[in-house]
Amino acid sequence: MHEPILQIVGLSAHYGDFQALYDIDMTVAEGEVLAIIGANGAGKTTLMWSIAGLMRNGADQVRYRGEAIGGLRADQVAERGIALVPEGRQLFPSLSVEENLIIGGQVGRDGPWSLRRVFELFPILQERRKQASTSLSGGQQQMVAIGRALMANPDLILFDEISLGLAPVIIRDIYQALPGIVGGGMSAIIVEQDITKALSVSSRIYCLQEGRVSLEGASDTVSREEISRAYFGIE
Amino acid sequence: MNATQSHVTRTTSTARAAMLFGAIATAILIAAPWWAGRADMRLMSELFLYMALASLWNLMAGYAGLVSVGQQAYVGFGGYMLFALTIFGGLHPMAAIALTPVLGALVSVPVAILIFRLRGAYFAIGTWVIAEVFRLVFAQVLALGGGSGSSLPVGIVRSLADSRSGREALSYWLALGAALLVIAVIYLFLRSRKGLALTAIRDNELAAGSLGIDIWRTKFVVYVVVSALTAMIGALIFLQKLRISPDAAFSVNDWTAFVIFIVVIGGIGTIEGPIIGTLVFFLLRETLADLGTIYLMVLGLVAIIVMLKAPKGLWGLVRERFGLELFPLGYRVEPATGKKED
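Residues numbered from 1 in each chain as written. Chains lettered and ligands numbered in written order. Predicted model: local features only at pLDDT ≥ 70, side-chain atom pairs only at ≥ 80, totals over all residues.

A few words now on the overall build of chain A. The secondary structure content of chain A amounts to nine helices and 10 strands. Since a compact globule built from 235 residues should have a radius of gyration of about 18 Å, the 17 Å found for chain A is in line with a globular shape. Scored against the burial criterion, the 235 residues of chain A give a buried share of 48%. For chain A, restricting intrachain contacts to residue pairs at least 6 apart in sequence, the fraction spanning at least 24 positions comes to 66%. (Helix = DSSP H or I, 4+ residues; strand = E, 2+ residues; numbered from the N terminus. Rg over C-alpha atoms; globule rule 2.2 N^0.38 Å. Buried ≥ 20, exposed ≤ 12 C-beta atoms within 10 Å, placed from the backbone. Contact = placed C-beta atoms within 7 Å.)

So, about the overall build of chain B. Looking only at helices and strands, chain B features 16 helices and four strands. Relative to the compact-globule value of 20 Å for 342 residues, chain B shows a C-alpha radius of gyration of 21 Å, a close match. C-alpha atoms of chain B, sized along the principal axes, occupy 70 × 50 × 40 Å. Counting every position in chain B, which comprises 342 residues, the buried fraction comes to 39%. The long-range share in chain B, meaning contacts at least 24 apart out of those at least 6 apart in sequence, stands at 78%.

Nonpolar side chains in soluble globular proteins tend to be buried together. Residues L158 of chain A together with A178 and L236 of chain B are the most contacted members of the largest nonpolar core, which totals 154 residues. Looking at this core element by element, the count peaks at 15 residues for helix α11 (residues 215–241) of chain B. Ignoring any residue separated from it by four or fewer positions in sequence, one finds L158 of chain A in contact with M48, I51, A52, I82, A83, L84, V85 and I189 of chain A. (Core = buried A, V, L, I, M, F, W, Y, C linked by C-beta atoms within 7 Å.)

All names here are of chain B. When pLDDT is averaged along chain B, the result is 88, and 92% of the positions lie at 70 or above. Contacts for the low-pLDDT stretch residues 1–6, under 50 throughout, to residues beyond four places or in other chains number 11 contacts. Low pLDDT, under 50, characterises residues 331–342; the predicted model gives this stretch 25 contacts beyond four residues in sequence or across chains. Across the assembled chains, the prediction reports ipTM 0.86 with pTM 0.83. (pLDDT = per-residue confidence, 0-100.)

What follows is about the interface of chain B and chain A. Counting residues at the interface gives 21 residues for chain B and 28 residues for chain A. Counting residues per element, the ones that place at least two in the side of chain B that touches chain A are α9 (193–203) and α10 (205–210) of chain B. The leading source of residues in the side of chain B that touches chain A is α9 of chain B, at five residues.

Residues and elements named next belong to chain A. Ordered by their spatial adjacency, six strands build an open sheet running β6-β7-β8-β3-β9-β10, and the pairing between neighbours is mixed. Of all strands in the sheet, those with a lone pairing partner are β6 (82–85) and β10 (212–218), marking the two edges. Going from strand to strand, the sheet's axes swing by 15 degrees on average, the running direction of each strand aside. By the bridge criterion, four bridges tie strand β3 (residues 33–38) to strand β8 (residues 187–191) in an arrangement that is parallel. Its bridge partner lying in β8, L34 is registered against I189. (Pairing = 2+ DSSP bridges. Axes fitted to C-alpha atoms, helices over the stretch in contact; angles between N-to-C directions.)

Moving on to the packing of α9 of chain B against α11 of chain B. All names here are of chain B. Axis separation between α9 and α11 bottoms out at 11 Å; the angle between their running directions is 115 degrees. Between α9 and α11, the angle falls in the class roughly perpendicular. The element α9 and its partner α11 pack so that their crossing is left-handed. Facing α9, whose interface residues are A197, L198 and I201, α11 presents I215, T218 and V222. The residue inventory of the contact of α9 with α11, partitioned by class, reads five nonpolar, one polar and no charged. (Parallel < 35°, antiparallel > 145°, perpendicular 65-115°, else oblique. Left-handed = near helix turned anticlockwise from the far one by under 90°. Nonpolar A, V, L, I, M, F, W, Y, C, P; charged D, E, K, R; others polar.)

Within an α-helix, residues lying three or four positions from one another point in the same direction, as the helix has 3.6 residues per turn. A rise of 1.5 Å per residue sets the reference length of helix α1 (residues 13–30) of chain B, with its 18 residues, at 26 Å; its end C-alpha atoms lie 25 Å apart and thus fit the reference within 8%. For α1 of chain B, the buried fraction is low: zero of the 18 residues fall into the buried class. (Expected span 1.5 Å × (residues − 1).)

Residue and element names in this part refer to chain A. In terms of burial, β3 is largely enclosed, as six of its six residues are buried. Covered by surrounding structure in β3 are V33, A35 and I37 together with L34, I36 and G38, the residues of both alternating faces. Of the strand pairs in this sheet, β3 and strand β9 (residues 204–209) are connected by five bridges, and their pairing is parallel. In the strand pairing of β9, I36 is matched with Y206.

What follows deals with the sheet that holds strand β1 (residues 4–15) of chain A. Residues and elements named next belong to chain A. The antiparallel open sheet is built from four strands, whose spatial order is β2-β1-β4-β5. In this open sheet, the two edge strands, each paired with only one partner strand, are β2 (18–29) and β5 (67–68). Sheet topology note: the β1/strand β4 (residues 62–64) ladder contains three bridges and is antiparallel. Across the sheet, residue I8 finds its bridge partner in β4, namely V62.

The next point concerns the pairing of β6 of chain A. All names here are of chain A. Every second residue of β6 is oriented toward a common face, with I82 and L84 on one face and A83 and V85 on the other, all of them buried. When β6 meets strand β7 (residues 156–159), the two strands line up parallel, connected through four bridges. Across the sheet, V85 pairs through a bridge with F159, a residue of β7.

Printed below as a string of structure tokens:
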């Protein structure tokens, strides 16, 4: 196994008095695609936010390429090469499709991703590039959100609820595009409620349940029964 | 709609018409010293300076989310710097006016570092407290008249131009030029990459942060630039008045309450809003000024009605109803069916 690009050690997170994550340990190897599954409220988004710097944690609880980043701001995390495709897309409604993508490239990291390459991946965005981002369909908005994150040329990309609220045909299109995204050696964490989809693209899977890791295993060996138990907490 | 059969444009025919109208209006306004009376020119100068103040406050509050009620700190600071630099520094008033934004920027840096620790309502109160501190500090400077203030010496006023009409024309042109400069700077800034980042922050601070936009630094830059230009407008305001005192210079009513009124009724977060708002404010003021305190009550009533019935301001109403945009920042798709929408 390669050196881990990301290491999470004993991560706990709170919203006021409510504890959302308990002592999470997790690693992502260089070039690896990791899937995180879990029911609503299991702590998946909190975990993504903690990695992306949208929630501050103890510096040592999140380590990226050996550096303690748990206490950094979101923009400092982004500068180091971690990009987030947030749940619900979170596009900028006042900006056009192209401007949304350009904003993604503001961190100024070198790499293969450019406006041209994003348009090659999602040709429909080129056609609609001058349109207001909110005038697109949900699936096209998700493409903008993915393109916007890629424009930062990240080494680790986080997809939070990549297929939530999208039509099955759109989900298929996005999953077809995924190998083209992560094939170049980029590491990825995919948060997904659809277990079959999650298993199909990842090499390892983590299941969260009520803020704790209830299962960790290789995607091709973990059984459906194990997942059901870990997902629903049925003994 | 099929996107391939339509074309995309940033400008609209309304915007082009507005630009042409703006150019003609500017030419007419530049020629005002030859056609307008003395009182009209003074009124128009005041209007332009309010337009500039409102546009600046709108950039800070409407785009960067920094709701300050203490911008009178920089208006007063700029005014006092004009007096100090000309009286004690021996500078020509024009040189002093050119220097005030630099000094305004310098003084706003430590203020920003201090008040950026506060959020929301605490930030607003903090800015007001800072403005009061400025007022109290300048009231202690006896060389500038202490609490009762001082007038600009005749010699300095005469150095602007020999004749009274020449001075009044110059001061009018400076006010007009300042308003045009401020609006142009804001428009160009918002169309630049930094402006894009600022718009992204306004739309969604969370997403902007996770895309690598340094939110603190972007807001800091906006605060410093706005404060610098506000100080310059302050210098121009007190060049018109020729007299300064701490209470007039740091008046929360004159330089912040009215400015917020203008932006709110015009439409916060748009370039057009403060322009429309200033015109409405002066219209109300000039027609209701004889009513005394009732005038202020009417202003309050107008503000409340607009906030309840048109939260996006008068410009928001116009834009929603007619789809107009005079300063196009975004793109729009126009169907290529031969029928032009406008």
